[in-house]
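Residues per chain are reported as follows:
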Amino acid sequence: HRRLISIADLNPLDVDILFDRAEHWLEVCRTPAKKADALRGLTQINLFFEPSTRTQASFEIAGKRLGADVVNFSAASSSTSKGETLLDTVKTLAAMNPDLLVVRHKACGAAAFVSDATGIAVVNAGDGMNEHPTQALLDAFTLTQRLGPLGGRRVLIVGDVLHSRVARSGVQLLNLLGAEVRLCAPPTLLPLDADRWGAEVFHDLDDALDGCDAVMALRLQQERMMAGYIPSLREYFHFYGLTARRLEAASPGALVLHPGPMNRGVEIDGALADDEERSLVLDQVEAGVAMRMAVLEAIGTLARKNEERRQ
Ligand code: CP
C-alpha cells in the first residue's frame, strides 16, 4: 500500500511485518545512536489541523530517525487561519514535491481525501471520529510485547466509544489479531452500530471487566460533544472510571492502557495511571515512535520505488 488510512488497509501479514519492524526500531531507539537512513532523501510533511502532542511529536521523531527531511505544518499558524481550504492547502504543499504526508484533521475521511487529491503517500494520523490506525497498531504492539500473541486474549475498551477513532481502529485490529474484544460505555456514548463492530457490548464496567487481560480507558472527548450533552465528570468517574479496586474484577495482573491525553480522575484514577506494574501508558508512547518508524519505512520505501519506476 502507498497509504495507511484505515486498519482495513492491512492484512494479517502486513501487521506481522509492521510488528517485526517496530520491534527492531524499538531496540534501535534504545541505543545511543538511534538513527538510520531508510528514508534519506525523502521529504515528509506532517499536516496537523487538530491539536496533538504524542502523534505529532512521534511522527516527527520517527521521520527524523529514519533520515527523512521533516516539515511540520500546524493549522493554527498557517494560511488555513486566513480561510484557505483544505484542498488548496494540500495542493500548495503537494506542489513542493513531498514524498510522504501525515494528516490529522477533524473531518472523517480527510486523510483519504488528501491522498486522492494529491496521489502522494498518506498516513492517517486521526480523521475526526473515524480512524487512528497507527494508534491501534502501537496499542496492539505494546500489548503483544507484554502478553505475547493476542489470540484468545480478552481486551476491554471502556469510555467514550462514540467519539473515538482510537476505538474504531482498535476493535478492527484486535479482531484481526484474534483477541476477544469488549466495549463498555453508557448508552449515550456508544454508536448505534456498536453491536456490529465485532465486540461484545456492556454498560456495566464490573461485568465488562470480568476475566479481562487488558483494559484501555478512552478520553471523554468533550470537544466533540454538544454543550448540554457533556456528562457530569464525577458521575462518569463513579460508573466508568478505572481504579485499582475496580480492576479486581479483571484477570490477576490485568494491564491498563490509555491512548492519551488522559483526564485523571475522569477516565482513570491518577495512581493507577502511574502504577508501573500495571499501566502501559508510557510504554505506549515509546512504542508509538517505533511503530511510526515501521509504518513510515514501509510506506516511504514503496513511495521511493514508485518514484524510481516513473523516472
Ligand atoms: N493518542 C493521541 O492521538 O494523542 P495526541 O492527540 O496527543 O496525538
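Scoring rules and cut-offs
Residues numbered from 1 in each chain as written. Predicted model: local features only at pLDDT ≥ 70, side-chain atom pairs only at ≥ 80, totals over all residues. UniProt positions renumbered as here; feature names shortened; annotations may be inferred. Helix = DSSP H or I, 4+ residues; strand = E, 2+ residues; numbered from the N terminus. Rg over C-alpha atoms; globule rule 2.2 N^0.38 Å. Buried ≥ 20, exposed ≤ 12 C-beta atoms within 10 Å, placed from the backbone. Contact = placed C-beta atoms within 7 Å. Pairing = 2+ DSSP bridges. Axes fitted to C-alpha atoms, helices over the stretch in contact; angles between N-to-C directions. Near = placed C-beta within 6 Å. Nonpolar A, V, L, I, M, F, W, Y, C, P; charged D, E, K, R; others polar. Domains from an automatic or database assignment. Core = buried A, V, L, I, M, F, W, Y, C linked by C-beta atoms within 7 Å. Parallel < 35°, antiparallel > 145°, perpendicular 65-115°, else oblique. Left-handed = near helix turned anticlockwise from the far one by under 90°. Expected span 1.5 Å × (residues − 1).

For the protein, an unreviewed UniProt entry supplies the name Aspartate carbamoyltransferase and the organism Hyphobacterium marinum. Under the heading Pathway (unreviewed entry), UniProt records this for the protein: "Pyrimidine metabolism; UMP biosynthesis via de novo pathway; (S)-dihydroorotate from bicarbonate: step 2/3." Under the UniProt heading Sequence similarities (unreviewed entry), the entry covering the protein gives this text: "Belongs to the aspartate/ornithine carbamoyltransferase superfamily. ATCase family."

*Asks:* I'm lost on the overall build of the protein in this one. Help?
*Replies:* Within the protein, the regular secondary structure consists of 10 helices and 10 strands. Relative to the compact-globule value of 19 Å for 311 residues, the protein shows a C-alpha radius of gyration of 19 Å, a close match. Expressed as lengths along the three principal axes of its C-alpha atoms, the size of the protein is roughly 60 × 45 × 35 Å. By residue count, 45% of the 311 residues in the protein fall in the buried class. Within the protein, contacts between residues separated by at least 24 positions form 76% of all contacts whose residues are at least 6 apart in sequence.

*Asks:* Would you take a moment to explain the sheet that holds strand 7 (residues 180–184) for this structure?
*Replies:* Within the open sheet, the five strands sit side by side as 8-7-6-9-10. Their pairing is parallel. Two strands close off the open sheet at either side, each with one partner strand: strand 8 (200–202) and strand 10 (255–257). Pairs of neighbouring strands in the sheet enclose a mean axial angle of 20 degrees, with direction left out of account. Examined bridge by bridge, strand 9 (residues 214–217) and strand 10 share three bridges and lie parallel to one another. Residue pairing in the sheet places alanine 214 in a bridge with leucine 255 of strand 10.

*Asks:* Just checking my understanding: could you explain the UniProt feature "domain: Aspartate/ornithine carbamoyltransferase carbamoyl-P binding" (unreviewed entry) in the protein for this structure?
*Replies:* Taking the numbering used here, the UniProt-annotated feature "domain: Aspartate/ornithine carbamoyltransferase carbamoyl-P binding" (unreviewed entry) corresponds to residues 2–144. In residues 2–144, helix accounts for 42% and strand for 19%; the two terminal C-alpha atoms are 26 Å from one another.

*Asks:* Just to check I follow, could you spell out the site of the ligand for this structure?
*Replies:* The full set of residues close to the ligand is Ser52, Thr53, Arg54, Thr55, Gln56, Gly126, Gln135, Pro259, Gly260 and Pro261. Taken together, the residues that form the shell around the ligand break down as two nonpolar, seven polar and one charged. The two domains that each donate at least three residues to the shell around the ligand are domain 1 (3–131 + 285–310) and domain 2 (133–282).

*Asks:* What should I look at first to understand the nonpolar core in this one?
*Replies:* For soluble globular proteins, the rule of thumb is that nonpolar side chains tend to be buried together. If you look at the biggest cluster of nonpolar residues, it comprises 90 residues, and the most contacted ones within it are Ala22, Val158, Val215 and Met291. Counting contributing residues, this core receives three or more from each of domain 1 (3–131 + 285–310) and domain 2 (133–282). In contact with valine 158, other than residues within four places in its own chain, are Cys184, Ala185, Leu205, Ala208, Val215, Ala217, Leu218 and Tyr240.

*Asks:* How should the sheet that holds strand 2 (residues 43–48) be read in this particular structure?
*Replies:* Backbone hydrogen bonds are what pair the strands of a sheet, in a parallel or an antiparallel way. Within the open sheet, the five strands sit side by side as 1-5-4-2-3. Their pairing is parallel. Edge positions in the sheet fall to strand 1 (3–4) and strand 3 (69–74), since each of these pairs with one other strand and no more. For strand 2 and strand 3, the ladder comprises six bridges, and the chain directions are parallel. Residue pairing across strands places leucine 47 opposite phenylalanine 73, the latter belonging to strand 3.

*Asks:* What exactly am I supposed to notice about the packing of helix 1 (residues 12–29) against helix 10 (residues 281–310) here?
*Replies:* Two elements in contact, helix 1 and helix 10, have axes whose closest approach is 8 Å; the angle formed by their N-to-C orientations is 125 degrees. Relative to helix 10, helix 1 is oriented oblique. The element helix 1 and its partner helix 10 pack so that their crossing is right-handed. Mapping the contact onto sequence places Leu18, Arg21, Ala22, Trp25, Leu26 and Cys29 in helix 1 and Ala287, Val289, Ala290, Met291, Met293, Ala294, Val295, Glu297 and Ala298 in helix 10. For the contact of helix 1 with helix 10, the class distribution of residues is 13 nonpolar, no polar and two charged.

*Asks:* So what exactly am I meant to see when it comes to the UniProt feature "domain: Aspartate/ornithine carbamoyltransferase Asp/Orn-binding" (unreviewed entry) in the protein here?
*Replies:* What UniProt calls "domain: Aspartate/ornithine carbamoyltransferase Asp/Orn-binding" (unreviewed entry) maps, in this numbering, to residues 152–298. Across residues 152–298, the secondary structure splits into 32% helix and 14% strand, with the terminal C-alpha atoms separated by 28 Å.

*Asks:* Mind showing me how you'd approach unusual backbone geometry here?
*Replies:* Peptide bonds are trans in most cases, and residues, glycine excluded, mostly fall at negative phi. Cis geometry marks the peptide bond from glycine 260 to proline 261, where omega comes out at -10 degrees. As for its placement among the helices and strands, proline 261 is situated in the loop between strand 10 and helix 9 (270–273). Within the chain, lysine 34 stands out as a residue other than glycine whose phi angle is a positive 65 degrees. Here lysine 34 shows up in the loop between helix 1 and strand 2.

*Asks:* What exactly am I supposed to notice about helix 6 (residues 165–176) here?
*Replies:* The α-helix advances 3.6 residues per turn, and as a result positions three or four apart in sequence lie on the same side. Here helix 6 is 12 residues long and its end C-alpha atoms lie 17 Å apart, about the 16 Å a rise of 1.5 Å per residue gives. For helix 6, the buried fraction is high: 10 of the 12 residues fall into the buried class. By the burial criterion, the buried members of helix 6 are Arg165, Val166, Ala167, Arg168, Ser169, Gly170, Val171, Gln172, Leu173 and Leu174. Buried residues along helix 6 sit against strand 5 (121–127), helix 5 (133–147), strand 6 (154–158) and strand 7. Phi turns positive, to about 85 degrees, at glycine 178, one or two residues after helix 6.

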